[in-house]
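Secondary and tertiary structure notes
This is what each chain is made of:
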Amino acid sequence: MKKITLLLATVLFSVAGAFAQIEKPVTWSYAAKKVSKTEAVLYLKATIEDRWHIYSQNVKDGGPVKTTFTFSPSKDFSLVGKTAEPKAIVKFEDTFKMNVAYFEKSVIFQQKVKLNKGTTTVKGKVEYMVCNDRQCLPPEEVEFSIPVK
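Residues numbered from 1 in each chain as written. Predicted model: local features only at pLDDT ≥ 70, side-chain atom pairs only at ≥ 80, totals over all residues. Heavy atoms only, no water.

**Looking at the state of the cysteines**
For the structure on display, the rule yields 1 disulfide. What pairs with C131 in a disulfide is C136, and their sulfur atoms sit 2.0 Å apart. The chirality of the disulfide connecting C131 with C136 is right-handed, given an S-S dihedral of about 110°. For C131, a relative accessible area of 1% translates into the label buried. Residue C136 is classed as partly exposed on the basis of its relative accessible area, which comes to 32%. (Disulfide = S-S within 2.5 Å. Buried < 20%, exposed > 50% of the residue type's maximum accessible area, 1.4 Å probe, protein only.)

**Considering the nonpolar core**
Grouped together as the largest cluster of nonpolar side chains are 27 residues, with contacts concentrated most on V26, W28, L42, I48, I54, F69 and F109. Every element with two or more residues in this core is listed here: strand 1 (26–34), strand 2 (39–48), strand 4 (68–71), strand 7 (98–104), strand 8 (106–115), strand 9 (120–128) and strand 11 (140–148). Tallying contributions element by element places strand 2 first for this core, with 5 residues. Setting aside its immediate chain neighbours within four residues, V26 contacts A46, T47, I48, I54, Y128 and V130. Listed in part, the 8 residues of the second largest apolar core include V100, Y102, M129 and C131. (Core = buried A, V, L, I, M, F, W, Y, C linked by side-chain atoms within 4.5 Å. Helix = DSSP H or I, 4+ residues; strand = E, 2+ residues; numbered from the N terminus. Contact = heavy atoms within 4.5 Å.)

**Remarks on the environment of F71**
Looking at the secondary structure, you find F71 in strand 4. Sequence-wise, F71 and V122 are 51 residues apart; in three dimensions their C-alpha atoms are separated by 7.3 Å. Excluding its chain neighbours within four sequence positions, the residues that come into contact with F71 are L42, L79, T83, Q111, V122, K123, G124 and F144.

**Observations regarding the packing of aromatic side chains**
Evaluation of the coordinates by the stated rule reveals 9 aromatic pairs. Ring centres of Y55 and Y102 lie 6.5 Å apart, and the angle between their planes is 75°; on these two criteria the pair is classed as edge-to-face. Here Y55, found in strand 3 (residues 53–55), pairs with Y102, found in strand 7; they are 47 residues apart in sequence, far enough to count as distant. As far as burial versus exposure is concerned, Y55 and Y102 are alike and both buried. Members of the aromatic cluster, each reached through a chain of ring pairs, are W28, F69, F103, F109 and Y128. (Phe/Tyr/Trp six-rings, centres within 6.5 Å; stacked < 30°, edge-to-face > 60°.)

**A short note on the sheet that holds strand 3**
The strand order across the open sheet formed by 4 strands is 6-7-3-10, and the pairing between neighbours is antiparallel. Because the sheet does not close on itself, it has two edges, and the strands there are strand 6 (89–93) and strand 10 (130–131). Here 5 bridges tie strand 6 to strand 7, and the two strands are oriented antiparallel to one another. Each residue of the ladder has a partner; that of V90, found in strand 7, is A101. (Pairing = 2+ DSSP bridges.)

**What to know about the sheet that holds strand 8**
On the basis of which strands lie adjacent, the open sheet formed by 4 strands has the order 1-2-8-5 and antiparallel pairing. At either margin of the open sheet sits one strand with a lone partner, and together these are strand 1 and strand 5 (77–84). Within this sheet the neighbouring strands show an average axis-to-axis angle of 20°, counted without direction. Of the pairings in the sheet, the one linking strand 1 to strand 2 comprises 9 bridges and is antiparallel in character. In the sheet register, A32 faces strand 2, and the bridge partner there is L42. (Axes fitted to C-alpha atoms, helices over the stretch in contact; angles between N-to-C directions.)

Just distances and angles here, no functional claims.
Set out below in structure tokens:
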């Protein structure tokens, strides 16, 4: 009897787990390219599933959570300027009752760094929020580590 109960419980939790998949409509990838002996460009790419979008770094207060990059301090490098982004789509969203800037499909953010050392690893985190026409997922924070060689 114990074996049957255990088997039924296992099947029940397996089926329930299959229906409770956590949505992950955004995946991040990273790269770095040296442009000189003392400078490099970091590429932070978000690949976004169809019908979803993430928000620009330039969203006004009262709107969705904007994409924010935080770089861990290091003696090996220093940031040059702000993180750049391509031209965003700007549309009025009823949810926020305002015009918002966002990206669909994919977006590549770029950050220039001045190198104080020949090779290093740039670490940090990105916080972002992803929405579609029906829902927004809670803001997410993803850590990254980008080797610069």
